[in-house]
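Given next are the chains, with one letter for each unit.
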Amino acid sequence: MAERSEKQDGAAAKPEAAREIAVARNIVGTPYRRVDGRAKVTGQTRFADDLSFPRMVHMRLVRSIVPHARIVSIDTSKAAAMPGVLAFLVGKDMPNTFGILPVSQDEHALCIDKVRFVGDPVVAIAALTDDQAYEASLAVRVEYESLETIATVEEAIATSEPRIHDYSDEGNIHKKVSMQFGELEEGFAEADEIFEDVLLFEGNTHLPMEQHATVAVPEDDGRITVWSSTQTPHYLHRSLAKVLELPASRIRVIACPNGGGFGGKSDPFNHEIAAAKMALRLGRPVKICLTREEVFYCHRGRHPVLMKLRTGFKRDGRMTAQHLQTALDGGAYGSYGVASTYYTGALQTVTYELPRYRFDSVRCFTNKPPCGPKRGHGTPQPRFGLEVHLDKVAVKLGIDPADIRLNNLVQPNTITANWLKVGSIGLKKCIEAVVAGSGWRERRGKLPHGRGLGLACGSYLSGAGLPIYWNHMPQSGVQLKLDRSGCVAAFCGQTEIGQGSDSVLAGIVAEVLGIELLDIRLCVADTDLTPVDLGSYSSRVTLMMGNAALQAAQRARELVARAVSEQLKVPQDRLVFAERRVFDSEDPSKGLSWPEACVCAESRFGTLGTTGSYIPPRSPGRYRGAGVGPSPAYSYSATVVEVEVDPETGLYRVEHVWMAHDVGKAINPVLVMGQIEGSVYMGLGEALMEEQVFRRLPKNRSNALVHKHPSMLEYKSPTFLEMPKVTSYIIEDPDPNGPFGAKEVGQGPLLPMMPAIANAIFDAVGVRVDQIPVHPHLVAKALEEKARGKEPRVGPRAFPSIDFGTPLRVPTPAEGGDGQAVNQDEAKVRTGTGTMTEREEALRGTKR
Amino acid sequence: MSSPVPPGTSVATLRVNGEERTVAFPTHHTLLEVLREELGLTGTKHGCELGECGTCTVLVDGKPVLSCLVLAVEAEGHAVETVEGLQQGNQLHPLQSAFADLGAAQCGYCTPGILMASKALLAENPAASREQIAVALSGNLCRCTGYQKILEAVEWAGRTLCGENAPPARECSFGAPLPEEVQRG
């Protein structure tokens, strides 16, 4: 078979008609081979653990075997005498704290006084070989004095002492939030009926195929380079500088291509910092690759969330007001948790019109691995709640679940009750596509008992509007270097985690300059060489890096066009850049090849280089907490799933998924398909089986709180055999803020999967499982309840009683508000101290 | 005269991708470790080192094997194939082209193992049905793709190996055509 270098031939090839129009798109909108595709199928992609260096040694961590304890003593004497052992690090060697959010700098590279979960690292050991480091790790003795262990949100609320951390809003409640948008009670008074639901979303983890790995290399000039499987090299860079107490300019972080991230490699990690410290101590390269068990302890995955929705509806299905309460089990550290907390409420308003809205939330510390951002970050849990809630209400009001959604849709270019600016919305078309494709109108409720259809929608950010730490600088930067060879080098701090960001960068630059992907050379995710991009999280890369790339490429095009225009004596606006040529649109034979055009420009202007950068538009919200939720553009998804349930056993199978996703504009449709299908898969896993859960060992065996199944065999995830047929529709409602109109696709299509499956089970057998995962034994239990004539439902009964104080009150746009709270000062709710709040205040102060 | 091999160490001649190399390594090390560390063939990945995820799949005498569960000493005298041996010269194997073109490798970490398992399947049955492919690959986990593009790519490669020039349907790259009533609206 002839090899294709970039564009596909056959079905996917560019239509000939497009070629005839000189200004037609060359690459954008065409399926093209990902630029890293060849490396990935030949084994040439270098992941962090594939690196090795002369004199490299190996590091292992000794992790806590108790969930909550004071460290009494650490004895490394026996280990130190073992063969090959070179050095140890303990907590006091790295006393500075770190953490992803400025507001929760609560981690140490190695624990100093106290351990907070089984798996918290205490000692780092370097040895000549990994075997030797492992053997030595078994010989380290750590003596602990156990403290009371907090396992759940309920326990955390009830137990203020001992505190897991000495900072928090209250006891073991890390963060408490209460915000009200508009006159809520008026809204409830207008309602014909008020509905309530309490639901639970259990935690789960990312399970990237690649275990986290880091190699730290002291350089010949005394600086240090840290290669790591990280989604956020920039934030790691900052943490390293803080903990190592080195100027950031002496530290170079290079993010290797990640073997899957899904949010799990977005925090700076203990092992990354300890490896760098160890390398500096030994003066030689140090590698650590976590075991799979350790990956489960790193976690930062989906928060378990208990939630309660109370919503007022008119008889026609329109919402008048909603009160949402969420309680997050945060695990042992802050991680992204403060942002996660806000995210469990922020996006409730961007799909269906919600005129008045109140949101209360707590995030609690517990003695378990820290939770953080997993694909969808904080929004899949309330999305599950909202979509199941709507399904139930539709049934009770006698409205088709598709119609209750269609009748409530947020209109394009509006500002929501909580002051989010929404641009393009292709949700109507998404719903119509899956409804028509699945035969929803004809088949729902009419299939044989045991067979059912469920529908749900979702929306996600195309990048968080604000950076993690407050600043006025670009959130993404791209630099281009052009020269006489015709090669264009693109430099950007963005990180390829499998989503195809390298291909988007190369594709946009090639598109604007009318050249081929093989003319572009990428240099990415290297803090020494590349302009800052904040990282691969919040689905920000295509939009933010894409806009920066677009600007840099347009500037390069302008330079080349000026030079070529002078040489050919053709007005600049008549020049076309296409097919590796720059030519006169009125006389296409008059032109230069791309390398000739570069020679022309380099002769005219000297060394050629341009930059582009991107800062998102400012959001209209001005209240405390308004920093979480804004995005330059929101993607939309709708899905219908078909299930087959065995009414005897509760075992069920998802047979078919119809998924429509509004991506604004598909830069590379085949990669968009991959993101849709991958999201369907991951959502399916969360609905069916995936859960990060814990159990207590018996009291006589330390009473420890341990992970139930820190292995890939027992942490169940879908295989080839569980995947249903997937019919995907790419919907394109271009957003003016996106490059070529593009919005995100990496996370959005996951969101509606879980509620759609729960809703389909109801359609199939008439029972509700109001918790995720929807285990078959829960379906069976609900069926038993139904058979006994009881409420055919399994799920949590009540939301814990929490004093949220006086909410922050923010009038809505419809009420004539200005985006600010009216009771900022008297609001009793504590919003913590630190940057999440400070940066918003600073932004208000300097930009007003 | 060379010194005798110290206890706990083995010396073996391994035939990998048709090439013989003699290496010394700790006797308890797996084929996975020796491929990556002593032979520098880092194309073979690891995801669990417990035989659970399929990531480290290589072929031994043409059969897919989890290299994390095989001692390197056991591989002596057998033909080992890894992802590095898949292409012919600079020419990609049809499986490799199909995976690259369809985005069946996203992060690419599970890809070498899946390519090797697929190669063994197609060598036996290039016309394998989608169900047969799914069964043959059910021991290989992938967290990125949702398996769809992998199935389409293996089918495409199978057709190529059968001599057909039949790229996947347009739907694989562009999504399903919108139902008529939606387009009208």
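Everything quoted here is computed from the prediction, not taken from an experiment.

A.B. asks: What's the story with the overall build of chain B in this structure? I'm lost.
C.D. replies: A tally of regular secondary structure across chain B gives seven helices and five strands. Reading the helices (α) and strands (β) of chain B from amino to carboxyl end gives β-β-α-β-β-β-α-α-α-α-α-α. Reported as C-alpha extents along the three principal axes, the dimensions of chain B are approximately 85 × 30 × 25 Å. Looking at chain B as a whole, 55% of its 185 residues are labelled buried. Counting contacts in chain B only where the partners sit at least 6 residues apart, residues at least 24 apart contribute 52% of the total. Taking the average place of the 12 positive charges on the side chains of chain B and the average place of its 21 negative ones, the gap between the two points comes to 6 Å.

A.B. asks: Teacher, can you tell me more about the overall build of chain A here?
C.D. replies: Summing up its helical and strand segments, chain A has 21 helices and 34 strands in all. Since a compact globule built from 848 residues should have a radius of gyration of about 29 Å, the 27 Å found for chain A is in line with a globular shape. Dimensions of chain A along its principal axes, counting C-alpha atoms only, are 85 × 75 × 60 Å. For chain A, the residues scored as buried account for 67% of the 848 residues in total. Once local pairs closer than 6 in sequence are excluded, the contacts in chain A between residues at least 24 apart make up 80%. For chain A, the exposed area adds up to about 27900 Å²; of that, 49% sits on carbon and sulfur atoms.

A.B. asks: When you look at the interface of chain B and chain A in this model, what are you seeing that I'm missing?
C.D. replies: Counting residues at the interface gives 70 residues for chain B, matched by 72 residues for chain A. For the pair chain B and chain A, the two sides together bury roughly 5600 Å², of which 60% comes from carbon and sulfur. Interface area lost by chain B to chain A is led by Asp101, Gln106 and Arg143 of chain B, which between them contribute 16%. In this structure, the connection of chain B to chain A is made through six salt bridges. For Arg36 of chain B, the salt bridge goes to Asp49 of chain A, with nearest N and O atoms at 3.2 Å. Applying the counting criterion to the chain B and chain A interface returns 28 residue pairs in polar contact (both at pLDDT 80 or more). Listing elements by their share of the side of chain B that touches chain A, those giving two or more residues are α2 (94-102), α3 (111-124), α4 (130-136), α5 (148-161), α6 (170-174) and α7 (180-184) of chain B. Of the residues assigned to the side of chain B that touches chain A, the class counts are 34 nonpolar, 24 polar and twelve charged.

A.B. asks: Explain the packing of aromatic side chains to me, please; I cannot follow it from the model alone.
C.D. replies: How two aromatic rings sit relative to each other is given by the distance of their centres and the angle of their planes. Residue and element names in this part refer to chain A. In total, this model carries 14 aromatic pairs over all chains according to the counting rule given. Here Phe117 and Tyr333 contribute two aromatic rings whose centre-to-centre distance is 6.2 Å and whose plane-to-plane angle is 80°, an arrangement assigned as edge-to-face. Placement of the pair is Phe117 in the loop between β4 (114-115) and β5 (121-127) and Tyr333 in the loop between β14 (319-329) and α10 (337-346), with a sequence separation of 216 residues. Both residues of the pair, Phe117 and Tyr333, belong to the buried class. Site record: aromatic cluster; members linked through ring pairs are Phe181, Tyr357 and Tyr623.

A.B. asks: I would appreciate a short explanation of the sheet that holds β5 of chain A in the present structure.
C.D. replies: The pairing of strands in a sheet comes from backbone hydrogen bonds and takes either a parallel or an antiparallel form. All names here are of chain A. If you trace the seven strands from one edge of the open sheet to the other, you get β3-β5-β1-β12-β9-β10-β11, paired in mixed fashion. Single-partner strands in this sheet number two, and they are β3 (85-90) and β11 (251-255). Averaged over all pairs of adjacent strands, the angle between their axes in this sheet comes to 20°, without regard to strand direction. Sheet analysis places strand β10 (residues 224-228) next to β11, joined by five bridges and oriented parallel. Looking at β11, one finds that Ile224 is bridged to Ile251.

A.B. asks: When you look at the nonpolar core in this model, what are you seeing that I'm missing?
C.D. replies: In globular proteins that are soluble, nonpolar side chains generally tend to be buried together. Membership of the largest hydrophobic core comes to 173 residues, with the highest contact counts inside it found for Leu427, Ile757 and Ile761 of chain A together with Phe99 of chain B. Looking at this core, the element that brings in the most residues is helix α18 (residues 669-688) of chain A, giving eleven residues. Not counting residues within four places of it along the chain, the set of residues in contact with Ile757 of chain A comprises Val641, Tyr652, Val654, Leu684, Ala687 and Leu688 of chain A. Counting residues in hydrophobic clusters, the runner-up holds 50 residues, among them Ala506, Ile520, Tyr614 and Ala633 of chain A.

A.B. asks: What exactly am I supposed to notice about the domain arrangement of chain B here?
C.D. replies: Accessible area lost during the coming together of the parts is what is often quoted as the interface size. All names here are of chain B. According to the domain assignment, chain B consists of domain 1 (9-84) and domain 2 (94-172). Placing the centre of domain 1 and that of domain 2 at their C-alpha centroids yields a distance of 23 Å. Every contact between the two is made by 16 residues of domain 1 and, on the other side, 14 residues of domain 2. Of the roughly 1100 Å² buried between domain 1 and domain 2 on both sides combined, carbon and sulfur atoms contribute 60%. When the buried surface of domain 1 facing domain 2 is broken down by residue, Thr55, Thr57 and Val83 rank first, second and third, together holding 35% of it. Viewed at the interface, domain 2 and domain 1 are joined by one salt bridge. Glu81 serves as the salt-bridge partner of Lys119, at 2.5 Å between the closest nitrogen and oxygen.

A.B. asks: Got a minute to help me understand helix α17 (residues 594-605) of chain A in this structure?
C.D. replies: Counting along an α-helix, one turn takes 3.6 residues, and residues three or four places apart therefore face a common direction. Residue and element names in this part refer to chain A. Across its twelve residues, α17 extends 16 Å between first and last C-alpha, which sits within 8% of the 16 Å expected from 1.5 Å per residue. Of the positions making up α17, those classed as buried are Trp594, Ala597, Cys598, Cys600, Ala601 and Glu602. With its phi angle positive at about 80°, Gly606 sits one or two positions after the end of α17.

A.B. asks: For this particular structure, what's the right way to read the pattern of salt bridges?
C.D. replies: Pairing is possible between side chains that carry opposite charge, provided their charged atoms lie close to one another. A complete count under the given rule lists 62 salt bridges over all chains for this structure. A salt bridge links Asp197 of chain A to Lys392 of chain A; its shortest N-O distance comes to 2.8 Å. Of this pair, Asp197 of chain A sits in strand β8 (residues 193-201) while Lys392 of chain A sits in helix α11 (residues 380-397), and the two are 195 residues apart along the sequence. You can call Asp197 of chain A buried: its relative accessible area is 8%. Residue classification places Lys392 of chain A among the buried residues on the basis of a relative accessible area of 8%. Between Glu19 of chain B and Arg21 of chain B there is a salt bridge, and its shortest N-O distance comes to 3.9 Å.

A.B. asks: What is the right way to read the domain arrangement of chain A from this model?
C.D. replies: Residue and element names in this part refer to chain A. Here chain A is partitioned into domain 1 (50-147 + 209-260 + 265-298), domain 2 (175-205 + 301-466 + 624-794) and domain 3 (473-614). Contact residues are listed per partner, giving 18 residues for domain 1 and 16 residues for domain 3. For the domain 1 face of the interface with domain 3, the top three residues by lost area are Gln231, His234 and Arg252, together amounting to 39%. The tally of links from domain 1 across to domain 3 stands at three salt bridges. In this structure, Asp528 and Arg252 form a salt bridge, with 3.8 Å as the shortest nitrogen-oxygen distance. Our enumeration of links across domain 1 and domain 3 arrives at seven residue pairs in polar contact (both at pLDDT 80 or more). Looking at the side of domain 1 that touches domain 3, the elements that each hand over two or more residues are α7 (233-244) and β11. Its residues assigned to classes, the side of domain 1 that touches domain 3 shows eight nonpolar, eight polar and two charged.

A.B. asks: How should I be thinking about the sheet that holds strand β22 (residues 575-578) of chain A in this particular structure?
C.D. replies: All names here are of chain A. Spatially, three strands are ordered β22-β23-β24 in an open sheet, and the strand pairing comes out antiparallel. Edge positions in the open sheet fall to β22 and β24 (587-593), since each of these has one partner strand only. Averaged over all adjacent pairs, the angle separating strand axes in this sheet is 30°, with direction ignored. Bridge analysis of strand β23 (residues 581-584) against β24 gives four bridges, and the strand direction is antiparallel. Each residue of the ladder has a partner; that of Phe583, found in β24, is Gly591. Relative to β24, α17 is tilted by about 65°, and along the sheet it contacts β22, β23 and β24.

A.B. asks: Explain helix α1 (residues 31-38) of chain B to me, please; I cannot follow it from the model alone.
C.D. replies: All names here are of chain B. Those residues of α1 lying buried are Leu31, Leu32, Val34, Leu35 and Arg36. Contact partners of the buried residues in α1: β1 (9-16), β2 (19-26), β3 (57-60) and β5 (79-81). Directly after α1, the chain includes Gly40, whose backbone phi takes a positive value near 70°.

A.B. asks: Explain the pairing of β10 of chain A to me, please; I cannot follow it from the model alone.
C.D. replies: Within a regular strand, the side chains alternate between the two sheet faces. All names here are of chain A. For β10, the buried fraction is high: four of the five residues fall into the buried class. Two elements, strand β9 (residues 213-218) and β10, share five bridges in a ladder whose sense is antiparallel. Within the sheet, the bridge partner assigned to Thr214 lies in β10 and is Ser228. Once β9 ends, the chain turns through five residues before running back antiparallel as β10, passing Gly222 with a positive phi of about 90°.

A.B. asks: What's the story with the state of the cysteines in this structure? I'm lost.
C.D. replies: Any covalent bond linking the sulfur atoms of two cysteines counts as a disulfide. Residue and element names in this part refer to chain A. For the structure shown, the criterion picks out zero disulfides over all chains. Not engaged in a disulfide, the cysteine Cys364 finds its nearest cysteine sulfur in Cys371; these two sulfurs lie 11 Å apart. The class for Cys364 is buried, based on a relative accessible area of 0%.

Cut-offs used in this document
Residues numbered from 1 in each chain as written. Chains lettered and ligands numbered in written order. Predicted model: local features only at pLDDT ≥ 70, side-chain atom pairs only at ≥ 80, totals over all residues. Heavy atoms only, no water. Helix = DSSP H or I, 4+ residues; strand = E, 2+ residues; numbered from the N terminus. Buried < 20%, exposed > 50% of the residue type's maximum accessible area, 1.4 Å probe, protein only. Contact = heavy atoms within 4.5 Å. Lys, Arg positive; Asp, Glu negative; His and termini not counted. Charge placed at Lys NZ, Arg CZ, Asp CG, Glu CD. Rg over C-alpha atoms; globule rule 2.2 N^0.38 Å. Areas by Shrake-Rupley, 256 points an atom, 1.4 Å probe, with all protein chains shown as cover. Buried area = accessible area lost by both parts, 1.4 Å probe. Salt bridge = Lys/Arg side-chain N within 4 Å of Asp/Glu carboxyl O. Polar contact = N/O pair within 3.5 Å; in protein donor to acceptor, adjacent residues only side chain to side chain. Nonpolar A, V, L, I, M, F, W, Y, C, P; charged D, E, K, R; others polar. Phe/Tyr/Trp six-rings, centres within 6.5 Å; stacked < 30°, edge-to-face > 60°. Pairing = 2+ DSSP bridges. Axes fitted to C-alpha atoms, helices over the stretch in contact; angles between N-to-C directions. Core = buried A, V, L, I, M, F, W, Y, C linked by side-chain atoms within 4.5 Å. Domains from an automatic or database assignment. Expected span 1.5 Å × (residues − 1). Disulfide = S-S within 2.5 Å.

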